[in-house]
Amino acid sequence: MEVTWWGHATCTIEDSGVRVLTDPLFARRFAHLRRRRGEVPPAQASVADAVLISHLHSDHLHLPSLARLAPGSLLIVPRGAVGAVPGLRLLRRMRGLRISEVAAGDTVRVGEVLVRAVPALHDGRRFPVGPHRVPALGYVVEGEARTYFAGDTGLFDTMADAVGPVDVALLPVGGWGPNLGHHHLDAARAAQVLTLLGPRSAVPVHYGTYWPIGMDGVRPHEFHAPGDEFVRQASLLAPEVAVHRLGHGEHVRPEARR
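Just so you know, these numbers come straight off a predicted model, no measurement behind them.

**Q** Quick rundown of the overall build of the chain? Include the residues and the values.
**A** Each helix and strand in the chain was counted, giving seven helices and 17 strands. Against the 2.2 N^0.38 benchmark of 18 Å for 258 residues, the chain shows a C-alpha radius of gyration of 17 Å, consistent with a compact globule. Counting only C-alpha atoms and orienting by the principal axes, one finds that the chain spans roughly 50 × 45 × 35 Å. Here the chain, with 258 residues, has 53% of them falling under the buried criterion.

**Q** Account for the pairing of strand β2 (residues 10–15), naming residues and giving values.
**A** Extensive coverage of β2 is indicated by the burial of five of its six residues. The sheet contact formed by strand β1 (residues 2–7) and β2 spans five bridges and is antiparallel. Each bridged residue has a counterpart across the sheet, and for Thr4 the counterpart in β2 is Thr12. In sequence, β1 turns back onto β2 through a hairpin of two residues, with His8 there showing a positive phi of about 50 degrees.

**Q** Residues and numbers for the sheet that holds strand β5 (residues 33–35), please.
**A** Spatially, three strands are ordered β4-β5-β15 in an open sheet, and the strand pairing comes out antiparallel. Because the sheet does not close on itself, it has two edges, and the strands there are β4 (29–30) and β15 (210–212). When β5 meets β15, the two strands line up antiparallel, connected through three bridges. Among the inter-strand pairings, Arg35 is bridged to a residue of β15, identified as Tyr210.

**Q** Account for the pattern of salt bridges, with residues named and values stated.
**A** Considering all chains together, one arrives at eight salt bridges under this definition. Between Glu39 and Arg28 there is a salt bridge, with its nearest N and O atoms 3.8 Å apart. With Glu39 in the loop between β5 and β6 (50–52) and Arg28 in the loop between β3 (18–22) and β4, this residue pair connects regions lying 11 residues apart in the sequence. Of the residues examined, Glu39 reaches a relative accessible area of 62% and is grouped as exposed.

**Q** Give me unusual backbone geometry: which residues, what numbers.
**A** Positive phi, close to 50 degrees, is recorded for His8, a residue that is not glycine. Counting through the fold element by element, His8 comes out in the loop between β1 and β2. One non-glycine residue, Ser16, lies in the positive phi region at around 55 degrees. Within the fold, Ser16 resides in the loop between β2 and β3.

**Q** Now, about the packing of helix α5 (residues 187–197) against helix α7 (residues 226–237): what can you tell me, with residues and values included?
**A** Two numbers describe how α5 lies on α7: the axes approach to 8 Å, and their chain directions differ by 40 degrees. As the angle between them shows, α5 and α7 are arranged oblique. In this structure, α5 meets α7 at a crossing whose hand is right-handed. Contacts between α5 and α7 involve Ala187, Ala188, Ala190, Ala191, Gln192, Leu194 and Thr195 from the first element and Pro226, Glu229, Phe230, Gln233, Ala234 and Leu237 from the second.

**Q** Requested: an account of the sheet that holds β2, with residues and values cited.
**A** Within the open sheet, the seven strands sit side by side as β8-β7-β6-β3-β2-β1-β17. Their pairing is mixed. Each having just a single partner strand, β8 (98–102) and β17 (251–252) make up the two edges of the open sheet. When β1 meets β17, the two strands line up antiparallel, connected through two bridges. Paired with Val3 across the bridge in β17 is Val252.

**Q** So what's going on with the packing of aromatic side chains? Which residues, and what values?
**A** For the coordinates displayed, the defined rule picks out three aromatic pairs. Ring geometry for Phe30 and Tyr210: centres 5.7 Å apart, planes at 80 degrees, overall edge-to-face. With Phe30 in strand β4 and Tyr210 in strand β15, the pair connects residues that are 180 residues apart, well separated along the chain. The class for Phe30 is buried, based on a relative accessible area of 10%. On the accessibility criterion, Tyr210 (1% relative accessible area) is buried. Ring geometry for Trp211 and Phe223: centres 5.5 Å apart, planes at 70 degrees, overall edge-to-face.

**Q** Would you mind going over the environment of Arg79 in detail, with residue names and values included?
**A** Here Arg79 lies in the loop between β7 (74–78) and α2 (81–84). Residues Arg79 and His55 lie 24 residues apart in sequence; the distance between their C-alpha atoms is 9.8 Å. Leaving out residues up to four positions away in the same chain, Arg79 has contacts with Glu101, Val102, Ala103, Asp106, Val134 and Pro135. Among the polar contacts made by the side chain of Arg79, one reaches the side chain of Asp106 at a distance of 2.8 Å.

Conventions we followed
Counting restarts for each chain: residues are numbered from 1 in the order of the written sequence. Thresholds applied to this predicted model are a pLDDT of at least 70 for local features of residues and 80 or more for the giving and counting of side-chain atom pairs; totals over whole chains, interfaces and linings are not thresholded and use all residues. Computation of side-chain values: all heavy atoms of the structure, hydrogens and water removed. Under the scheme used here, helices are H or I runs from DSSP no shorter than 4 residues and strands are E runs no shorter than 2 residues, and both carry numbers assigned from the N terminus. Radius of gyration: over C-alpha atoms. The globule rule applied is 2.2 Å multiplied by the number of residues raised to the 0.38 power. For every residue, the accessible area obtained with a 1.4 Å probe (protein chains only) is divided by the maximum for its type, and the residue is called buried under 20%, exposed over 50%, and partly exposed between those limits. Whether two strands pair depends on DSSP finding at least two bridges between them. Here a salt bridge means any side-chain nitrogen of Lys or Arg lying within 4 Å of a carboxyl oxygen belonging to Asp or Glu. Where helices are involved, their axes are fitted lines through C-alpha atoms of the stretch in contact, as for all axes, and angles between N-to-C directions lie from 0 to 180°. Angles below 35 degrees are treated as roughly parallel, those above 145 as roughly antiparallel, those between 65 and 115 as roughly perpendicular, and all remaining angles as oblique. What makes a crossing left-handed is the near helix being turned counterclockwise from the far one by less than a right angle; a clockwise turn instead makes it right-handed. Any two residues whose heavy atoms approach within 4.5 Å are treated as being in contact. In this scheme Phe, Tyr and Trp rings, the latter by its six-membered ring, pair at centre separations within 6.5 Å, and the angle between planes marks the pair as stacked below 30 degrees, edge-to-face above 60, and tilted otherwise. Pairing of N or O atoms within 3.5 Å defines a polar contact, subject to two protein rules: one partner must be a possible hydrogen donor and the other a possible acceptor, and residues neighboring in sequence count only if both atoms are side-chain atoms.

Next up, the structure:
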């Protein structure tokens, strides 16, 4: 299997001949954020057999990026997303996207892999003050390897039981502003996740890509440092885990399951 990190929470997981894309964000600039590292992903990044959406925040469910998907693409979203985000209904009608709404514990078969939705501890509303509360999710993609895409989440007591054994963990370690806020993982907390899940390999994501316009000088270490800090923290707490800190557009072939 192979993992490519395109920036922020956008990854391609290739396993058993199946391409799975996570939280696609193919924008140089949106809202108050601009891309400060890495090129906008190329056209081939939008090619996928299934696209996973972890929650409704616009840096994870980005409608213009979803419009780049091939007609008929399968979109797996948290249950309630279609009712909360009218643009999804438009994309389904205009682009022919197939949308599967799932809750934690649900599974979707995509070719030779099984996608299982797992809980996440995160505010799943479309906007921080939006009326539609839809639970955030993570996903485990199981083929030759079991790959956990955490989306956005904080630590929670039942994480190990909810996620189950995994081989590869794609973990958020930062954010896009000077403060993470509640129910996020930073580098230290993401390293704690490694002790809970015990994967063979890990890839830090959700950092070092977008930053608020005009705030380049505000706590810049929060933008630059999380990847390296995760490597350091993981070496202390979970030295048996191989951590792959990728550059934008880089890929790795982690070890498959035991």
